[in-house]
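# Topology and contacts: notes
For reference, the chains in residue letters:
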Amino acid sequence: MTDLLGTSEYKAIAAGLSFPTQAFIDGGFRPALSGKTFTTTNPATGEALAEIAACDARDVDLAVAAARAAFEDGRWSKLHPGERKETLLRLAALMQEHARDLAVLESLDAGKTIFDCETVDVPETIHVIRWHAELIDKIYDQVSPASASHIAMVVREPVGVVGLVLPWNFPLLMLAWKIGPALAAGCSVVLKPAAETTLSTLRVAELAAEAGLPAGVLNIVTGSGSAVGEPLGRHPDVDMVSFTGSTATGRRFLNYSADSNLKEVVLELGGKNPCVVLDDAEDLEAVAAHVVNGAFWNMGQNCSAGSRLIVQRGIRDRLLDKVRAEAATWLVGDPLDPAIRVGSLVSQAHFDKVAGYLEAAQSENILFGGRIVAPGFIEPTVVETARDSKLAVEEIFGPILTVVVVDSVDEAIAVANDTEYGLAASIFSANGRRALRGARALRAGTVTVNSFGEGDVTTPFGGYKQSGFGGRDNSIHAHDQYTQLKTIWIDLTDHAAGD
Ligand SMILES: NC(=O)C1=CN([C@@H]2O[C@H](COP(=O)(O)OP(=O)(O)OC[C@H]3O[C@@H](n4cnc5c(N)ncnc54)[C@H](O)[C@@H]3O)[C@@H](O)[C@H]2O)C=CC1
Ligand code: BAL
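Here the structure is a predicted model, which means the values were calculated and not measured.

### Considerations on the site of ligand 2
The immediate surroundings of ligand 2 are formed by Pro 167, Asn 169, Phe 170, Met 174, Thr 244, Asn 302, Cys 303, Ser 304 and Glu 454. Its residues assigned to classes, the shell around ligand 2 comprises four nonpolar, four polar and one charged. Two domains each put at least three residues into the shell around ligand 2: domain 1 (7-269) and domain 2 (274-449).

Written as structure tokens, this is what we have:
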């Protein structure tokens with residue numbers, strides 16, 4: 001467990017941080033070709049943090065060309081997997097060396113709590129990079145069950161130049177989920193961070209160069225979705241795109257692919273994830289802790305947030321008492337105070353969106369919270385509502401938990417599945433068979449039983465329905481995104497000898 005510092009010590013670190021602000025292309029930092037920049041701010045204070053290169057399609061072209069050259073000459077793609085592993089392990093070690101600075105940078109740029117950055121985001125990011133590095137020299141190719149006169153091999157090859165487009169809610173962790181398997185597999189990367197949260201990504205690029213990652217293998221193009229994300233999605237020399245973000249933008253990437261070179265597309269999208277608590281659930285304090293963590297962790301800005309509590313009537317009152325008591329312990333405030341669990345929403349625009357839902361909640365049955373604490377800061381809010389209300393149906397991506405009361409297990413499952421999304425779900429019951437039947441019936445990529453979570457790096461993560469498309473992040477299955485299967489069929493017949 002990380003030893004946390006005091007707020008004043010974190011503020012001192014923040015004041016002394018230095019980090020790159022330009023795009024990282026072909027092994028070096030450079031301004032946007034247009035010379036333009038955009039301002040990134042600390043959403044908790046509104047203060048400007050840095051001016052960052054505002055790239056456009058011409059910078060994307062440069063980055064893709066650098067990535068293609070690196071891929072084709074094999075400076076990374078053709079290395080022995082063990083050599084790629086060593087470089088990625090050096091990167092992980094450098095990130096560990098600079099873990100505290102990375103945590104503070106992440107907190108400043110995203111409004112995330114230093115508690116989460118120190119205890120989850122940064123350590124988990126390092127773990128994920130290490131895990132994929134360690135995996136890559138332990139994956140074997142296959143030989144098929146062909147006849148004695150043939151050998152048929154099924155080999156994995158890196159897919160080529162990959163475009164990775166990141167969201168702002170877990171900037172470092174999503175970076176690791178994507179570059180970990182992509183680089184381990186031997187791909188070259190052109191990565192676009194979310195404009196709101198670019199700084200930690202650029203710092204990792206700097207560390208990757210220090211770790212010995214060859215030039216051109218990891219390129220970071222900074223800027224907006226329309227100026228950088230779209231040209232990357234449409235680029236004819238990008239072989240695949242892996243995207244995490246909203247369902248609306250994910251849909252665009254399918255169009256970009258269809259309109260350009262039919263690049264492969266993997267989408268990890270939104271969610272409105274049900275947390276089902278049945279009448280026979282036990283240890284309601286623990287259940288409430290999971291419910292509150294699921295709903296309010298990272299200010300609810302989590303695609304797998306357990307944002308819909310579906311509770312059986314018989315347990316409603318007792319559970320909600322515990323939920324209220326637990327939510328009251330989640331203090332809202334300065335993200336650099338390690339006692340704080342709810343920091344700032346990521347941006348003014350996102351705050352405005354969530355505040356709109358909070359406004360809608362005022363005409364419902366608010367059971368806890370319901371207030372704006374300060375610009376950017378919304379207190380954890382629990383609101384009972386009809387199953388088909390806007391609050392219960394739409395992805396809010398903020399600290400607002402809806403509660404829907406049901407009368408039976410069947411109704412609970414039906415309400416849980418009555419959504420266009422299917423990313424994650426939880427079910428709480430002391431009856432093992434009932435819980436497992438529920439887990440099988442819930443239409444979601446990850447279902448947790450008697451807990452909230454999204455698994456770890458060892459288990460695949462991705463969605464059913466409009467929560468996902470084309471592949472999975474995490475686990476050995478993440479490597480399927482970044483590799484092609486090639487069949488090599490060898491005829492052993494010696495025609496000259498007649499056998
Ligand atoms: N599934 C998830 O993890 C996330 C879901 N969201 C949801 O999306 C909502 C909107 O947030 P946004 O930041 O606007 O998400 P977004 O999906 O638009 O942004 C994600 C990434 O896509 C890029 N992008 C945006 N427009 C693009 C375009 N036209 N072409 C190519 N790339 C583009 C962005 O710059 C960013 O890097 C949130 O309120 C939340 O509901 C947001 C972030 C993460
Ligand atoms: N929870 C990890 C994936 C995401 O929220 O974007």
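### Focus: the domain arrangement of the protein
Along its sequence, the protein is organised into domain 1 (7-269) and domain 2 (274-449). With 17 residues of domain 1 at the interface, the matching set in domain 2 holds 16 residues. Put simply, the parts of the chain that give the side of domain 1 that touches domain 2 at least two residues each are helix H1 (7-16), helix H4 (99-110) and helix H5 (114-136). At four residues, the largest contribution of residues to the side of domain 1 that touches domain 2 is made by H1.

### Looking at the site of ligand 1
In the region of ligand 1, 26 residues are neighbours, and Pro 167, Gly 225, Gly 229, Gly 245 and Ser 246 sit closest. Only helix H8 (225-234), helix H9 (247-259) and helix H12 (348-361) provide two or more residues apiece to the shell around ligand 1. The greatest single-element share of the shell around ligand 1, amounting to five residues, is contributed by H8. Of the residues contributing to the shell around ligand 1, the split by class is nine nonpolar, 12 polar and five charged.

### Quick look at the sheet that holds strand S14 (residues 365-368)
Ordered by their spatial adjacency, seven strands build an open sheet running S14-S17-S18-S13-S12-S19-S20, and the pairing between neighbours is mixed. The outermost strands of the open sheet, each flanked by one partner alone, are S14 and strand S20 (446-449). Strand-to-strand twist across the sheet, computed as the mean angle between neighbouring axes with direction ignored, equals 25 degrees. When S14 meets strand S17 (residues 381-384), the two strands line up antiparallel, connected through three bridges. Note that in S17 the partner of Asn 365 across the bridge is Glu 384. Set on the sheet, helix H10 (residues 284-296) makes contact with strand S12 (274-277), strand S13 (308-312), strand S18 (400-406) and strand S19 (424-428); between it and S12 the angle comes to about 170 degrees. Each of S12, S13, S14, S17 and S18 is contacted by helix H11 (residues 316-327), which is oriented at about 60 degrees to S14, the strand it contacts most.

### Details of the environment of Ser 149
Residue position: Ser 149 is located in the loop between strand S5 (142-143) and strand S6 (150-158). In this structure, the C-alpha to C-alpha distance between Ser 149 and Ile 114, residues 35 residues apart in sequence, is 62 Å. Sequence-distant contacts of Ser 149, defined by excluding residues within four places in its chain, comprise Asp 491, Leu 492 and Thr 493.

### Considerations on the UniProt feature "domain: Aldehyde dehydrogenase" (unreviewed entry) in the protein
Per the UniProt record, "domain: Aldehyde dehydrogenase" (unreviewed entry) is found at residues 34-488. The straight-line gap between the two end C-alpha atoms of residues 34-488 is 46 Å; of that span, 41% is helix and 20% is strand.

### With respect to the packing of helix H6 (residues 171-185) against helix H7 (residues 199-211)
At a closest axis distance of 8 Å, the pairing of H6 and H7 adopts a crossing angle of 50 degrees. Viewed along their axes, H6 and H7 adopt a mutual orientation that is oblique. Between H6 and H7 the crossing geometry is right-handed. Contacts from Pro 171, Leu 172 and Leu 175 of H6 reach H7 at Ser 200, Thr 201 and Val 204. For the contact of H6 with H7, a count of residues per class yields four nonpolar, two polar and no charged.

### So, H7
With 13 residues, H7 should reach 18 Å at 1.5 Å per residue; the first-to-last C-alpha distance of 19 Å fits that figure. Buried within H7 we find Leu 199, Ser 200, Thr 201, Leu 202, Arg 203, Val 204, Ala 205 and Ala 208. Two residues or fewer past H7, Gly 212 is found with a positive phi of approximately 100 degrees.

### What to know about the packing of H1 against H4
At a closest axis distance of 10 Å, the pairing of H1 and H4 adopts a crossing angle of 90 degrees. With respect to H4, the axis of H1 lies roughly perpendicular. Across from Tyr 10, Ile 13 and Ala 14 in H1, the residues of H4 making contact are Arg 100, Asp 101, Val 104 and Leu 108.

### Quick word on the pairing of S18
Of all seven residues making up S18, seven are buried, and the element is well covered by its neighbours. By the alternation rule, side chains of S18 split into Ile 400, Thr 402, Val 404 and Val 406 and Leu 401, Val 403 and Val 405, which are all buried. As defined by bridge partners, S13 adjoins S18 across five bridges and the pair is classed as parallel. Paired with Gln 312 across the strands is Val 406, a residue of S18.

Thresholds applied
Within each chain, residue numbers correspond to sequence positions counted from 1 in written order. Both sets of labels track the order of writing: A upward for chains, 1 upward for ligands. Totals for whole chains, interfaces and linings use every residue, but because this is a predicted model, local features are given only for residues with pLDDT of at least 70 and side-chain atom pairs only at 80 or more, for both listing and counting. A residue counts as near a molecule or strand when its C-beta atom, positioned from the backbone, falls within 6 Å of it. In this classification, the charged set is Asp, Glu, Lys and Arg, the nonpolar set is Ala, Val, Leu, Ile, Met, Phe, Trp, Tyr, Cys and Pro, and all remaining amino acids, among them Gly, are polar. Per the annotation, domain bounds derive from an automatic or database assignment of domains. Each residue gets a C-beta atom placed from its backbone, and two residues are in contact if those atoms lie within 7 Å. Numbering of helices and strands runs from the N terminus, with a helix taken as a DSSP run of H or I at least four residues long and a strand as a DSSP run of E at least two residues long. Note: two strands are recorded as paired if DSSP finds a minimum of 2 bridges between them. Interaxial angles span 0 to 180 degrees and are taken between N-to-C directions of axes, which are lines fitted to C-alpha atoms, for helices over the stretch in contact. UniProt positions are given in the numbering used here, feature names are shortened, and annotations may be inferred rather than shown by experiment. Each angle gets one of four labels, with under 35 degrees taken as roughly parallel, over 145 as roughly antiparallel, 65 to 115 as roughly perpendicular, and the rest as oblique. What makes a crossing left-handed is the near helix being turned counterclockwise from the far one by less than a right angle; a clockwise turn instead makes it right-handed. Any helix carries an expected span of 1.5 Å times its number of residues minus one. We call a residue exposed when 12 or fewer other C-beta atoms sit within 10 Å of its C-beta, buried when the count reaches 20 or more, and partly exposed for counts in between; the C-beta positions come from the backbone.

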